[in-house]
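Overview (structure and organization)
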Amino acid sequence: MALSISLTVNGVARNVVVDDPRVTLLDLLRERLDLTGTKKGCDRGQCSACTVIVGGRRINSCLALAVSCDGAQILTIEGLAHGDALHPVQAAFIAHDGFQCGFCTPGQIMSAIGLIQEGQAGDDPERVREGMSGNLCRCGAYAGITDAVLDAQRRLAELDRKDVA
Amino acid sequence: MKTFDYVRPATVAEAVAAASAPGAAYLAAGTNLLDLMKGGIASPSRLVDVSHLPGLDRIEHLPGGGVRIGALVRNADLAHDPDFARCFPAVAEALLSGASAQLRNAATVGGNLLQRTRCAYFYDVASACNKREPGAGCAARGGDTRLHAVLGWSERCIATNPSDFCVPLVALDAVVEIEGKAGRREVALESFHRLPGDAPERESVLEPGELIVAVRLPAEAAGFSAHARYLKVRERTSFAFAVVSAAAGLRIERATIVEARIALGGVALKPWRARAAEALLTGARPDRAAFRRAAEAALADAKPSGDNEFKIELARRIVTRSLALAAAGTPERMPALPASPFALAPGARIHV
(Lines give C-alpha, C1' and ligand atoms only; values in the text may rest on other atoms or scores of the structure.)
Protein backbone atom coordinates (compact mmCIF):
# COMPACT_ATOMS: atom_id res chain seq x y z
CA MET A 1 0.00 0.00 0.00
CA ALA A 2 1.93 3.05 -1.25
CA LEU A 3 1.07 6.43 0.26
CA SER A 4 2.23 9.75 -1.07
CA ILE A 5 3.12 12.39 1.52
CA SER A 6 4.59 15.89 1.45
CA LEU A 7 7.19 17.06 3.94
CA THR A 8 9.41 20.07 4.34
CA VAL A 9 12.80 18.80 5.49
CA ASN A 10 15.41 21.40 6.46
CA GLY A 11 13.55 24.01 4.44
CA VAL A 12 13.22 21.89 1.29
CA ALA A 13 9.78 20.68 0.17
CA ARG A 14 9.79 16.96 -0.56
CA ASN A 15 7.13 14.69 -1.98
CA VAL A 16 7.78 11.15 -0.88
CA VAL A 17 6.05 7.91 -1.78
CA VAL A 18 6.02 5.71 1.30
CA ASP A 19 5.74 2.16 0.02
CA ASP A 20 5.12 0.60 3.44
CA PRO A 21 3.02 2.14 6.23
CA ARG A 22 5.39 0.69 8.84
CA VAL A 23 8.18 3.10 7.93
CA THR A 24 8.97 5.43 10.82
CA LEU A 25 10.00 9.03 10.37
CA LEU A 26 13.48 7.95 11.50
CA ASP A 27 13.78 5.28 8.82
CA LEU A 28 12.36 7.62 6.21
CA LEU A 29 15.04 10.21 7.00
CA ARG A 30 17.90 7.72 7.16
CA GLU A 31 17.04 5.12 4.57
CA ARG A 32 14.94 6.99 2.00
CA LEU A 33 16.20 10.58 2.20
CA ASP A 34 19.83 9.73 3.03
CA LEU A 35 19.84 12.02 6.05
CA THR A 36 21.87 9.70 8.28
CA GLY A 37 22.86 12.36 10.80
CA THR A 38 19.79 11.40 12.83
CA LYS A 39 20.82 8.24 14.71
CA LYS A 40 18.96 5.04 15.47
CA GLY A 41 19.87 3.99 19.00
CA CYS A 42 17.22 1.93 20.79
CA ASP A 43 14.46 2.49 18.19
CA ARG A 44 11.97 2.31 21.10
CA GLY A 45 11.80 5.85 22.49
CA GLN A 46 14.16 5.21 25.36
CA CYS A 47 17.41 6.90 24.24
CA SER A 48 16.32 9.88 22.08
CA ALA A 49 19.32 9.58 19.72
CA CYS A 50 16.68 9.97 16.99
CA THR A 51 15.44 13.38 18.19
CA VAL A 52 14.34 15.76 15.43
CA ILE A 53 12.20 18.89 15.46
CA VAL A 54 8.75 18.40 13.92
CA GLY A 55 6.51 21.44 13.68
CA GLY A 56 8.79 23.29 16.09
CA ARG A 57 8.77 20.53 18.74
CA ARG A 58 11.45 17.99 19.60
CA ILE A 59 10.15 14.43 19.29
CA ASN A 60 11.48 10.88 18.97
CA SER A 61 11.42 10.12 15.24
CA CYS A 62 11.59 6.37 15.95
CA LEU A 63 8.07 6.48 17.45
CA ALA A 64 6.42 8.51 14.70
CA LEU A 65 4.98 6.90 11.59
CA ALA A 66 6.22 8.65 8.46
CA VAL A 67 2.76 8.59 6.87
CA SER A 68 1.32 10.34 9.93
CA CYS A 69 3.83 13.20 9.47
CA ASP A 70 2.20 14.23 6.17
CA GLY A 71 2.46 18.00 5.81
CA ALA A 72 4.99 18.45 8.62
CA GLN A 73 7.97 20.81 8.81
CA ILE A 74 11.01 18.80 9.90
CA LEU A 75 14.39 20.02 11.08
CA THR A 76 17.28 17.57 11.43
CA ILE A 77 20.92 17.95 12.43
CA GLU A 78 21.81 18.42 8.75
CA GLY A 79 19.72 21.60 8.64
CA LEU A 80 21.58 23.52 11.35
CA ALA A 81 24.92 24.74 9.97
CA HIS A 82 25.24 27.31 7.21
CA GLY A 83 28.17 25.95 5.22
CA ASP A 84 31.11 25.88 7.62
CA ALA A 85 29.35 28.17 10.10
CA LEU A 86 28.07 25.97 12.91
CA HIS A 87 24.82 26.59 14.72
CA PRO A 88 25.54 28.09 18.18
CA VAL A 89 24.37 24.85 19.87
CA GLN A 90 26.78 22.80 17.73
CA ALA A 91 29.62 25.20 18.54
CA ALA A 92 28.82 25.06 22.25
CA PHE A 93 28.93 21.24 22.29
CA ILE A 94 32.47 21.42 20.84
CA ALA A 95 33.54 24.21 23.19
CA HIS A 96 32.32 22.33 26.27
CA ASP A 97 33.28 18.76 25.31
CA GLY A 98 29.60 17.78 25.24
CA PHE A 99 30.38 14.36 23.78
CA GLN A 100 32.93 11.59 23.54
CA CYS A 101 31.98 8.97 20.91
CA GLY A 102 29.45 11.31 19.28
CA PHE A 103 26.68 8.81 18.59
CA CYS A 104 24.07 10.49 20.78
CA THR A 105 25.25 14.00 19.80
CA PRO A 106 22.84 14.79 16.93
CA GLY A 107 19.94 13.84 19.20
CA GLN A 108 21.41 15.81 22.10
CA ILE A 109 21.83 18.90 19.92
CA MET A 110 18.33 18.70 18.44
CA SER A 111 16.94 18.15 21.92
CA ALA A 112 18.90 21.15 23.23
CA ILE A 113 17.48 23.33 20.46
CA GLY A 114 13.99 22.15 21.40
CA LEU A 115 14.63 22.79 25.08
CA ILE A 116 15.90 26.32 24.43
CA GLN A 117 12.86 27.10 22.24
CA GLU A 118 10.51 25.77 24.92
CA GLY A 119 11.99 28.35 27.30
CA GLN A 120 11.14 26.48 30.49
CA ALA A 121 14.60 25.81 31.90
CA GLY A 122 16.09 29.30 32.21
CA ASP A 123 19.65 29.32 33.55
CA ASP A 124 19.03 26.64 36.18
CA PRO A 125 21.34 23.63 35.53
CA GLU A 126 18.90 21.33 37.36
CA ARG A 127 16.09 22.31 35.00
CA VAL A 128 18.39 21.81 32.00
CA ARG A 129 19.36 18.35 33.26
CA GLU A 130 15.71 17.46 33.82
CA GLY A 131 14.74 18.83 30.39
CA MET A 132 17.52 16.81 28.72
CA SER A 133 16.87 13.65 30.73
CA GLY A 134 15.32 11.85 27.76
CA ASN A 135 18.67 11.89 25.94
CA LEU A 136 20.99 9.13 27.10
CA CYS A 137 24.77 9.38 26.71
CA ARG A 138 26.60 6.12 27.27
CA CYS A 139 29.93 7.98 27.42
CA GLY A 140 28.57 10.02 30.33
CA ALA A 141 29.29 13.44 28.86
CA TYR A 142 26.37 14.92 30.81
CA ALA A 143 28.36 17.61 32.63
CA GLY A 144 29.67 18.98 29.32
CA ILE A 145 26.24 18.70 27.74
CA THR A 146 24.64 20.75 30.52
CA ASP A 147 27.35 23.42 30.24
CA ALA A 148 26.96 23.47 26.45
CA VAL A 149 23.19 23.93 26.63
CA LEU A 150 23.47 26.76 29.15
CA ASP A 151 26.19 28.48 27.13
CA ALA A 152 24.36 28.07 23.82
CA GLN A 153 21.20 29.46 25.39
CA ARG A 154 23.11 32.58 26.49
CA ARG A 155 24.65 33.00 23.02
CA LEU A 156 21.30 32.61 21.28
CA ALA A 157 19.74 35.18 23.63
CA GLU A 158 22.59 37.60 22.78
CA LEU A 159 22.05 37.02 19.07
CA ASP A 160 18.33 37.72 19.54
CA ARG A 161 19.12 40.98 21.33
CA LYS A 162 21.47 42.04 18.50
CA ASP A 163 18.76 41.21 15.96
CA VAL A 164 16.29 43.39 17.83
CA ALA A 165 18.85 46.22 18.08
CA MET B 1 6.18 -5.67 12.82
CA LYS B 2 3.11 -7.11 11.15
CA THR B 3 1.94 -4.87 8.34
CA PHE B 4 -1.38 -3.05 8.53
CA ASP B 5 -3.78 -0.93 6.55
CA TYR B 6 -3.38 2.76 7.27
CA VAL B 7 -6.48 4.94 7.15
CA ARG B 8 -6.78 8.61 7.95
CA PRO B 9 -10.40 9.61 8.57
CA ALA B 10 -11.51 13.22 8.21
CA THR B 11 -14.17 13.18 10.92
CA VAL B 12 -14.86 11.51 14.26
CA ALA B 13 -17.78 9.62 12.69
CA GLU B 14 -15.52 8.24 9.93
CA ALA B 15 -12.94 7.30 12.54
CA VAL B 16 -15.46 5.40 14.65
CA ALA B 17 -16.72 3.54 11.59
CA ALA B 18 -13.18 2.64 10.47
CA ALA B 19 -12.10 1.52 13.95
CA SER B 20 -15.15 -0.65 14.60
CA ALA B 21 -13.74 -3.41 12.38
CA PRO B 22 -12.06 -6.34 14.15
CA GLY B 23 -8.28 -5.87 14.47
CA ALA B 24 -8.43 -2.09 14.13
CA ALA B 25 -6.65 0.26 16.52
CA TYR B 26 -6.54 4.02 16.86
CA LEU B 27 -3.24 5.78 16.26
CA ALA B 28 -2.63 9.20 17.80
CA ALA B 29 1.05 10.04 18.48
CA GLY B 30 1.92 6.35 18.60
CA THR B 31 4.49 6.74 21.39
CA ASN B 32 3.15 3.64 23.15
CA LEU B 33 1.44 1.79 20.29
CA LEU B 34 4.41 1.82 17.87
CA ASP B 35 6.67 0.56 20.66
CA LEU B 36 4.23 -2.30 21.30
CA MET B 37 3.97 -3.06 17.58
CA LYS B 38 7.76 -3.15 17.19
CA GLY B 39 7.92 -5.65 20.04
CA GLY B 40 5.15 -7.82 18.62
CA ILE B 41 2.99 -7.20 21.70
CA ALA B 42 0.33 -5.43 19.64
CA SER B 43 -0.32 -6.32 16.00
CA PRO B 44 -3.35 -4.43 14.70
CA SER B 45 -4.40 -5.15 11.13
CA ARG B 46 -5.64 -1.60 10.61
CA LEU B 47 -4.43 1.69 12.06
CA VAL B 48 -6.96 4.50 12.17
CA ASP B 49 -4.87 7.67 12.39
CA VAL B 50 -6.85 10.21 14.42
CA SER B 51 -3.94 12.61 14.84
CA HIS B 52 -5.19 14.86 12.03
CA LEU B 53 -8.82 15.05 13.20
CA PRO B 54 -9.89 18.69 13.57
CA GLY B 55 -11.17 20.20 16.80
CA LEU B 56 -9.78 17.72 19.33
CA ASP B 57 -6.66 19.70 20.26
CA ARG B 58 -8.20 22.47 22.33
CA ILE B 59 -8.06 23.29 26.04
CA GLU B 60 -11.39 24.94 26.83
CA HIS B 61 -11.84 26.69 30.14
CA LEU B 62 -15.54 26.30 30.86
CA PRO B 63 -17.83 28.94 32.33
CA GLY B 64 -17.92 28.28 36.07
CA GLY B 65 -14.35 27.05 36.35
CA GLY B 66 -14.05 23.57 34.87
CA VAL B 67 -11.92 22.63 31.91
CA ARG B 68 -12.45 20.44 28.85
CA ILE B 69 -9.26 18.98 27.40
CA GLY B 70 -9.40 17.69 23.83
CA ALA B 71 -8.12 14.15 23.41
CA LEU B 72 -5.38 15.26 21.01
CA VAL B 73 -3.90 17.92 23.30
CA ARG B 74 -0.25 17.04 23.75
CA ASN B 75 0.90 16.27 27.30
CA ALA B 76 3.48 19.10 27.21
CA ASP B 77 0.97 21.68 25.93
CA LEU B 78 -1.44 20.88 28.74
CA ALA B 79 1.22 20.97 31.46
CA HIS B 80 2.55 24.32 30.22
CA ASP B 81 -0.84 25.98 29.68
CA PRO B 82 -0.61 28.73 32.34
CA ASP B 83 -4.32 28.80 33.19
CA PHE B 84 -4.52 25.03 33.39
CA ALA B 85 -1.40 24.72 35.54
CA ARG B 86 -2.69 27.41 37.90
CA CYS B 87 -6.07 25.75 38.40
CA PHE B 88 -4.85 22.13 38.43
CA PRO B 89 -1.20 22.24 39.54
CA ALA B 90 -0.98 18.59 40.62
CA VAL B 91 -2.08 17.50 37.15
CA ALA B 92 0.62 19.65 35.54
CA GLU B 93 3.20 18.30 37.99
CA ALA B 94 2.19 14.70 37.24
CA LEU B 95 2.41 15.30 33.49
CA LEU B 96 5.88 16.81 33.81
CA SER B 97 7.10 13.91 35.96
CA GLY B 98 6.23 11.44 33.21
CA ALA B 99 8.41 10.22 30.32
CA SER B 100 10.78 12.68 28.60
CA ALA B 101 10.30 16.09 27.01
CA GLN B 102 10.30 14.48 23.55
CA LEU B 103 7.58 12.00 24.50
CA ARG B 104 5.49 14.64 26.28
CA ASN B 105 5.70 16.81 23.13
CA ALA B 106 4.13 14.00 21.12
CA ALA B 107 1.93 11.96 23.48
CA THR B 108 -1.73 12.91 23.66
CA VAL B 109 -4.27 13.12 26.48
CA GLY B 110 -6.39 10.31 25.05
CA GLY B 111 -3.36 8.13 24.47
CA ASN B 112 -2.15 8.65 28.01
CA LEU B 113 -5.42 7.23 29.35
CA LEU B 114 -5.02 4.18 27.10
CA GLN B 115 -1.34 3.40 27.61
CA ARG B 116 -0.65 -0.22 28.37
CA THR B 117 1.03 -1.64 31.44
CA ARG B 118 4.83 -1.74 31.59
CA CYS B 119 4.85 -5.22 33.18
CA ALA B 120 8.03 -6.83 31.81
CA TYR B 121 6.20 -10.13 31.24
CA PHE B 122 3.52 -8.38 29.19
CA TYR B 123 6.32 -6.87 27.07
CA ASP B 124 8.18 -10.18 26.67
CA VAL B 125 6.28 -12.20 24.06
CA ALA B 126 8.15 -15.35 25.18
CA SER B 127 6.46 -15.08 28.61
CA ALA B 128 2.95 -16.19 29.49
CA CYS B 129 0.59 -13.25 29.88
CA ASN B 130 -3.17 -13.40 30.34
CA LYS B 131 -3.46 -9.80 29.21
CA ARG B 132 -1.67 -10.43 25.91
CA GLU B 133 -3.11 -13.91 25.36
CA PRO B 134 -6.20 -14.70 27.46
CA GLY B 135 -5.81 -18.00 29.30
CA ALA B 136 -2.04 -18.25 28.72
CA GLY B 137 -1.19 -17.80 32.38
CA CYS B 138 0.79 -15.15 34.22
CA ALA B 139 4.58 -15.43 34.24
CA ALA B 140 4.77 -12.49 36.63
CA ARG B 141 3.30 -14.63 39.43
CA GLY B 142 6.36 -15.99 41.21
CA GLY B 143 8.61 -13.94 38.92
CA ASP B 144 10.31 -10.60 39.42
CA THR B 145 7.48 -8.73 41.12
CA ARG B 146 9.18 -5.70 42.65
CA LEU B 147 7.09 -3.27 40.66
CA HIS B 148 3.79 -5.14 40.56
CA ALA B 149 0.42 -4.39 42.12
CA VAL B 150 -0.45 -4.39 45.81
CA LEU B 151 -4.10 -3.36 45.40
CA GLY B 152 -6.89 -4.72 43.24
CA TRP B 153 -4.85 -7.48 41.60
CA SER B 154 -6.04 -10.98 40.78
CA GLU B 155 -4.43 -14.36 40.29
CA ARG B 156 -4.74 -13.72 36.55
CA CYS B 157 -2.85 -10.41 36.48
CA ILE B 158 -0.72 -8.40 38.91
CA ALA B 159 0.32 -5.63 36.51
CA THR B 160 0.04 -1.91 37.26
CA ASN B 161 -1.21 1.07 35.27
CA PRO B 162 1.78 3.26 34.34
CA SER B 163 0.03 6.64 33.96
CA ASP B 164 1.04 9.61 36.11
CA PHE B 165 -1.53 11.94 34.52
CA CYS B 166 -4.45 9.72 35.54
CA VAL B 167 -3.57 9.80 39.25
CA PRO B 168 -4.45 13.45 40.00
CA LEU B 169 -7.21 13.27 37.37
CA VAL B 170 -8.98 10.49 39.25
CA ALA B 171 -8.52 12.36 42.52
CA LEU B 172 -10.20 15.39 40.94
CA ASP B 173 -13.25 13.52 39.56
CA ALA B 174 -12.25 13.72 35.90
CA VAL B 175 -14.82 12.59 33.32
CA VAL B 176 -13.98 10.91 30.01
CA GLU B 177 -16.02 11.90 26.94
CA ILE B 178 -16.37 9.01 24.51
CA GLU B 179 -17.74 8.91 20.96
CA GLY B 180 -18.99 5.61 19.55
CA LYS B 181 -21.39 4.11 17.05
CA ALA B 182 -24.28 4.82 19.43
CA GLY B 183 -23.24 8.45 19.91
CA ARG B 184 -21.57 10.19 22.80
CA ARG B 185 -21.34 8.95 26.38
CA GLU B 186 -19.45 9.99 29.49
CA VAL B 187 -17.67 7.82 32.04
CA ALA B 188 -16.05 8.89 35.29
CA LEU B 189 -12.31 8.23 35.01
CA GLU B 190 -12.58 6.24 38.24
CA SER B 191 -14.78 3.74 36.36
CA PHE B 192 -12.92 3.93 33.05
CA HIS B 193 -10.09 1.46 33.72
CA ARG B 194 -10.95 -2.10 34.73
CA LEU B 195 -9.33 -4.12 37.46
CA PRO B 196 -7.96 -7.41 36.09
CA GLY B 197 -10.35 -9.90 37.73
CA ASP B 198 -10.63 -12.91 35.46
CA ALA B 199 -10.42 -10.86 32.22
CA PRO B 200 -7.21 -8.80 32.34
CA GLU B 201 -7.27 -8.48 28.54
CA ARG B 202 -10.15 -6.01 28.92
CA GLU B 203 -8.43 -2.91 30.19
CA SER B 204 -11.08 -0.22 29.95
CA VAL B 205 -14.81 0.16 29.45
CA LEU B 206 -14.31 1.21 25.82
CA GLU B 207 -16.28 -0.84 23.32
CA PRO B 208 -14.87 -1.61 19.85
CA GLY B 209 -14.66 1.58 17.80
CA GLU B 210 -15.21 3.92 20.74
CA LEU B 211 -12.92 6.95 20.74
CA ILE B 212 -11.97 9.22 23.61
CA VAL B 213 -12.68 12.75 22.42
CA ALA B 214 -12.07 14.76 25.61
CA VAL B 215 -11.37 14.67 29.34
CA ARG B 216 -13.22 17.09 31.60
CA LEU B 217 -12.41 18.37 35.06
CA PRO B 218 -15.28 19.88 37.07
CA ALA B 219 -15.09 23.36 38.56
CA GLU B 220 -14.75 21.90 42.08
CA ALA B 221 -11.40 20.41 41.05
CA ALA B 222 -9.89 23.90 40.94
CA GLY B 223 -10.82 24.36 44.61
CA PHE B 224 -7.70 22.40 45.59
CA SER B 225 -5.28 24.56 43.62
CA ALA B 226 -3.69 26.18 46.67
CA HIS B 227 -2.83 22.80 48.25
CA ALA B 228 -2.16 20.26 45.52
CA ARG B 229 0.88 18.06 44.86
CA TYR B 230 1.96 14.95 43.00
CA LEU B 231 4.81 12.88 44.41
CA LYS B 232 6.46 10.02 42.53
CA VAL B 233 9.15 7.59 43.63
CA ARG B 234 11.25 6.37 40.70
CA GLU B 235 14.27 4.12 40.52
CA ARG B 236 16.25 6.97 38.99
CA THR B 237 15.84 10.74 39.20
CA SER B 238 13.96 11.23 35.95
CA PHE B 239 12.56 9.48 32.85
CA ALA B 240 11.21 6.46 34.72
CA PHE B 241 7.81 5.04 35.59
CA ALA B 242 6.52 5.24 39.14
CA VAL B 243 7.39 2.63 41.72
CA VAL B 244 4.68 4.34 43.78
CA SER B 245 3.13 7.76 43.35
CA ALA B 246 0.43 9.81 45.02
CA ALA B 247 -1.65 12.87 44.25
CA ALA B 248 -2.92 14.91 47.16
CA GLY B 249 -5.29 17.87 47.24
CA LEU B 250 -6.59 19.70 50.30
CA ARG B 251 -9.04 22.49 50.98
CA ILE B 252 -8.01 24.09 54.24
CA GLU B 253 -10.07 26.73 56.08
CA ARG B 254 -9.10 28.15 59.48
CA ALA B 255 -6.39 25.51 59.96
CA THR B 256 -8.89 22.69 59.38
CA ILE B 257 -9.18 20.36 56.40
CA VAL B 258 -12.56 20.92 54.76
CA GLU B 259 -12.06 18.41 51.97
CA ALA B 260 -9.27 16.08 50.88
CA ARG B 261 -8.49 14.20 47.69
CA ILE B 262 -6.00 11.33 47.50
CA ALA B 263 -5.12 8.91 44.71
CA LEU B 264 -2.25 6.49 44.19
CA GLY B 265 -0.29 5.40 41.13
CA GLY B 266 1.90 2.36 40.56
CA VAL B 267 -0.08 0.23 43.01
CA ALA B 268 -2.89 -1.23 40.88
CA LEU B 269 -4.05 -1.77 37.33
CA LYS B 270 -5.96 1.49 37.56
CA PRO B 271 -5.34 4.88 39.13
CA TRP B 272 -6.38 4.24 42.72
CA ARG B 273 -8.70 6.69 44.46
CA ALA B 274 -8.48 6.47 48.27
CA ARG B 275 -11.92 7.66 49.38
CA ALA B 276 -11.80 6.20 52.89
CA ALA B 277 -8.56 8.07 53.52
CA GLU B 278 -10.11 11.27 52.21
CA ALA B 279 -13.08 10.91 54.56
CA LEU B 280 -10.78 10.53 57.57
CA LEU B 281 -9.23 13.91 56.85
CA THR B 282 -12.48 15.87 56.64
CA GLY B 283 -12.56 18.11 59.70
CA ALA B 284 -9.06 17.11 60.83
CA ARG B 285 -6.16 19.42 61.51
CA PRO B 286 -3.55 19.19 58.76
CA ASP B 287 -0.82 17.53 60.77
CA ARG B 288 1.45 14.55 60.33
CA ALA B 289 -0.57 12.27 62.62
CA ALA B 290 -3.73 12.83 60.59
CA PHE B 291 -1.86 12.31 57.33
CA ARG B 292 -0.37 9.05 58.57
CA ARG B 293 -3.85 7.83 59.66
CA ALA B 294 -5.14 8.64 56.19
CA ALA B 295 -2.24 6.77 54.62
CA GLU B 296 -2.96 3.70 56.78
CA ALA B 297 -6.56 3.80 55.58
CA ALA B 298 -5.51 4.22 51.93
CA LEU B 299 -3.48 1.00 52.07
CA ALA B 300 -5.78 -0.93 54.43
CA ASP B 301 -6.69 -3.49 51.75
CA ALA B 302 -3.20 -3.78 50.25
CA LYS B 303 -1.48 -7.12 50.01
CA PRO B 304 1.73 -8.06 48.24
CA SER B 305 1.48 -9.90 44.92
CA GLY B 306 5.03 -11.23 45.29
CA ASP B 307 8.28 -9.74 46.55
CA ASN B 308 6.75 -6.30 46.81
CA GLU B 309 5.53 -5.93 50.37
CA PHE B 310 7.88 -2.94 50.64
CA LYS B 311 5.60 -1.04 48.27
CA ILE B 312 2.81 -0.99 50.85
CA GLU B 313 4.81 0.90 53.48
CA LEU B 314 6.43 2.97 50.73
CA ALA B 315 2.96 3.94 49.53
CA ARG B 316 1.89 4.91 53.07
CA ARG B 317 4.92 7.15 53.38
CA ILE B 318 4.36 8.68 49.95
CA VAL B 319 0.71 9.42 50.78
CA THR B 320 1.77 10.93 54.11
CA ARG B 321 4.42 13.09 52.50
CA SER B 322 2.28 14.17 49.55
CA LEU B 323 -0.37 15.36 52.03
CA ALA B 324 2.27 17.24 54.03
CA LEU B 325 3.57 18.85 50.84
CA ALA B 326 0.04 19.77 49.77
CA ALA B 327 -0.67 21.26 53.20
CA ALA B 328 2.49 23.36 52.96
CA GLY B 329 1.06 24.87 49.78
CA THR B 330 1.42 24.52 46.03
CA PRO B 331 4.82 25.94 45.02
CA GLU B 332 4.67 29.22 43.10
CA ARG B 333 6.83 27.76 40.37
CA MET B 334 6.92 24.17 39.13
CA PRO B 335 9.80 22.46 40.96
CA ALA B 336 12.95 21.85 38.88
CA LEU B 337 12.37 18.12 39.41
CA PRO B 338 8.57 17.76 39.23
CA ALA B 339 7.09 15.32 41.76
CA SER B 340 10.54 14.34 42.98
CA PRO B 341 10.92 12.96 46.51
CA PHE B 342 14.43 14.40 46.52
CA ALA B 343 12.93 17.74 47.43
CA LEU B 344 12.71 17.93 51.21
CA ALA B 345 9.42 17.40 53.01
CA PRO B 346 8.33 20.43 55.03
CA GLY B 347 10.24 20.50 58.30
CA ALA B 348 12.28 17.43 57.41
CA ARG B 349 15.96 17.01 58.08
CA ILE B 350 18.43 15.94 55.46
CA HIS B 351 19.29 12.25 55.70
CA VAL B 352 22.54 11.34 53.98
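Along each chain, residue indices are assigned from 1 in the same order as the chain's sequence is written. For this description, chains carry letters from A and ligands carry numbers from 1, given in the order in which they are written. In keeping with the model being predicted, local features are shown solely for residues with a pLDDT of at least 70 and side-chain atom pairs are shown and tallied solely at 80 or more, while totals for entire chains, interfaces and linings include all residues.

We now examine the overall build of chain B. Counting secondary structure elements, chain B contains 13 helices and 12 strands. Throughout, the radius of gyration refers to the C-alpha atoms, and the reference size of a globule is 2.2 Å times the residue count to the power 0.38. Against the compact-globule benchmark of 20 Å for 352 residues, chain B has a radius of gyration of 20 Å, which places it among compact chains. A principal-axis box enclosing the C-alpha atoms of chain B has dimensions of 60 × 50 × 35 Å. With C-beta atoms placed from the backbone, a residue is labelled by how many other C-beta atoms lie within 10 Å of its own: buried for 20 or more, exposed for 12 or fewer, partly exposed between the two. In chain B, which comprises 352 residues, the proportion classed as buried is 52%. For the purpose of contact definition, each residue receives a C-beta atom placed from its backbone, and two residues are in contact when these atoms lie within 7 Å. Here the contacts in chain B between residues at least 6 apart in sequence split such that 65% fall between residues at least 24 apart. By the criteria applied, helices consist of DSSP H or I runs no shorter than four residues and strands consist of E runs no shorter than two, each listed in order from the N terminus.

Secondary structure assignment for chain A yields five helices and five strands. In chain A, the succession of helices and strands from N to C terminus is β-β-α-β-β-β-α-α-α-α. Seen through its principal axes, chain A has C-alpha atoms that stretch 50 × 40 × 30 Å. Out of the 165 residues in chain A, the part that is buried amounts to 45%. Put simply, 58% of the contacts in chain A that link residues at least 6 apart link residues at least 24 apart.

Moving on, we get to the domain arrangement of chain A. The parts lose accessible area when they come together, and the size of an interface is often stated as this lost area. All names here are of chain A. The domain boundaries here were taken from an automatic or database domain assignment. In terms of domain boundaries, chain A breaks down into domain 1 (3-79) and domain 2 (88-164). Once you take the C-alpha centre of each, domain 1 and domain 2 turn out to be 22 Å apart. The interface of domain 1 with domain 2 comprises 15 residues on the first partner and 13 residues on the second. Listing elements by their share of the side of domain 1 that touches domain 2, those giving two or more residues are β3 (51-54) and β4 (57-60). Tallied by class, the residues present in the side of domain 1 that touches domain 2 amount to six nonpolar, six polar and three charged. Each residue receives one of three labels: charged for Asp, Glu, Lys and Arg, nonpolar for Ala, Val, Leu, Ile, Met, Phe, Trp, Tyr, Cys and Pro, and polar for the others, Gly being one of them.

This brings us to the interface of chain B and chain A. Facing the 24 residues of chain B at the interface are 30 residues of chain A. For the side of chain B that touches chain A, the leading source of residues is helix α6 (residues 101-106) of chain B, giving five residues. A breakdown of the residues in the side of chain B that touches chain A according to their chemical character gives 11 nonpolar, nine polar and four charged.

Residues and elements named next belong to chain B. What helix α1 (residues 12-19) keeps buried is the set A15, V16, A18 and A19. End-on, the buried residues of α1 take up no more than an arc of 165 degrees, which puts them together on one face. Of the surrounding elements, those touching the buried residues of α1 are β1 (5-7), β2 (24-27), β3 (46-49), β6 (175-180) and β8 (211-217). Each C-beta atom gives one direction from the helix axis, and the arc is the one those directions make.

Let's shift gears to the packing of helix α2 (residues 88-95) of chain A against helix α5 (residues 142-164) of chain A. Residues and elements named next belong to chain A. Taken N-terminus to C-terminus, the directions of α2 and α5 make an angle of 140 degrees; their axes are 8 Å apart at the nearest point. Relative to α5, α2 is oriented oblique. For the element pair α2 and α5, the recorded crossing hand is right-handed. Residue-level contacts link P88, V89, A92, F93 and A95 of α2 to A148, D151, A152, R155, L156 and L159 of α5. Partitioned by chemical class, the residues of the contact of α2 with α5 number nine nonpolar, no polar and two charged. Only C-alpha atoms enter the line fits that serve as axes; for helices the fit covers just the stretch in contact. Angles between N-to-C directions range over 0 to 180 degrees. For this classification, under 35 degrees means roughly parallel, over 145 means roughly antiparallel, 65 to 115 means roughly perpendicular, and everything else is oblique. What makes a crossing left-handed is the near helix being turned counterclockwise from the far one by less than a right angle; a clockwise turn instead makes it right-handed.

Below, the discussion takes up the nonpolar core. Core analysis: the biggest nonpolar cluster contains 166 residues, and F88, I262, L264, A294, A298 and V319 of chain B have the highest contact counts within it. Tallying contributions element by element places helix α13 (residues 310-328) of chain B first for this core, with eight residues. To form a nonpolar core, buried Ala, Val, Leu, Ile, Met, Phe, Trp, Tyr and Cys residues must be joined through C-beta atoms within 7 Å.

Turning our attention to the environment of N308 of chain B. Residues and elements named next belong to chain B. Within the element layout of this structure, N308 appears in the loop between α12 (288-298) and α13. Residues N308 and V215 lie 93 residues apart in sequence; the distance between their C-alpha atoms is 33 Å. Sequence-distant contacts of N308, that is, excluding residues within four places in its chain, are made with T145, R146, H148 and V150.

Turning our attention to the confidence of the model for chain B. Per-residue confidence for chain B gives a mean pLDDT of 96, with 97% of residues at or over 70. Here the prediction assigns the complex a pTM of 0.97, and the interface score ipTM is 0.98. On a scale of 0 to 100, pLDDT captures the predictor's confidence in every residue.

Residues and elements named next belong to chain A. Of the positions making up helix α1 (residues 25-32), those classed as buried are L25, L26, L28 and L29. On its buried face, α1 sits against β2 (12-18). D34 sits one or two residues past α1 and shows a positive phi near 55 degrees.

With that settled, consider the domain arrangement of chain B. Each assigned domain of chain B is listed here: domain 1 (5-52) and domain 2 (224-328). Using only C-alpha atoms to locate each centre, domain 1 of chain B and domain 2 of chain B end up separated by 36 Å.

Glancing now at the sheet that holds β2 of chain A. All names here are of chain A. Strand pairing is defined by DSSP finding a minimum of two bridges between the two strands. Ordered by their spatial adjacency, five strands build an open sheet running β2-β1-β5-β3-β4, and the pairing between neighbours is mixed. One side of each edge strand has no neighbouring strand; the edge strands of this open sheet are β2 and β4. Taken over all neighbouring pairs, the strand axes of this sheet differ in orientation by 40 degrees on average, direction set aside. Taken together, the seven bridges between strand β1 (residues 3-9) and β2 define a ladder with antiparallel strand orientation. Bridging across to β2, T8 finds its partner in A13. Contacts between helix α3 (residues 105-118) and the sheet are confined to β3 and β4, with β3 contributing the most and set at about 35 degrees to the helix.

Note: strands within a sheet are paired through backbone hydrogen bonds, in either parallel or antiparallel orientation. Residue and element names in this part refer to chain B. Spatial ordering of the open sheet is given by β1-β3-β2, a layout of three strands whose pairing is parallel. What marks the edges here is a single partner per strand, and that holds for β1 and β2. Recorded for the sheet is a direction-independent mean angle of 25 degrees between the axes of neighbouring strands. The pairing of β2 with β3 spans four bridges and is parallel. Residue pairing for β3: A24 is matched across the bridge by R46.

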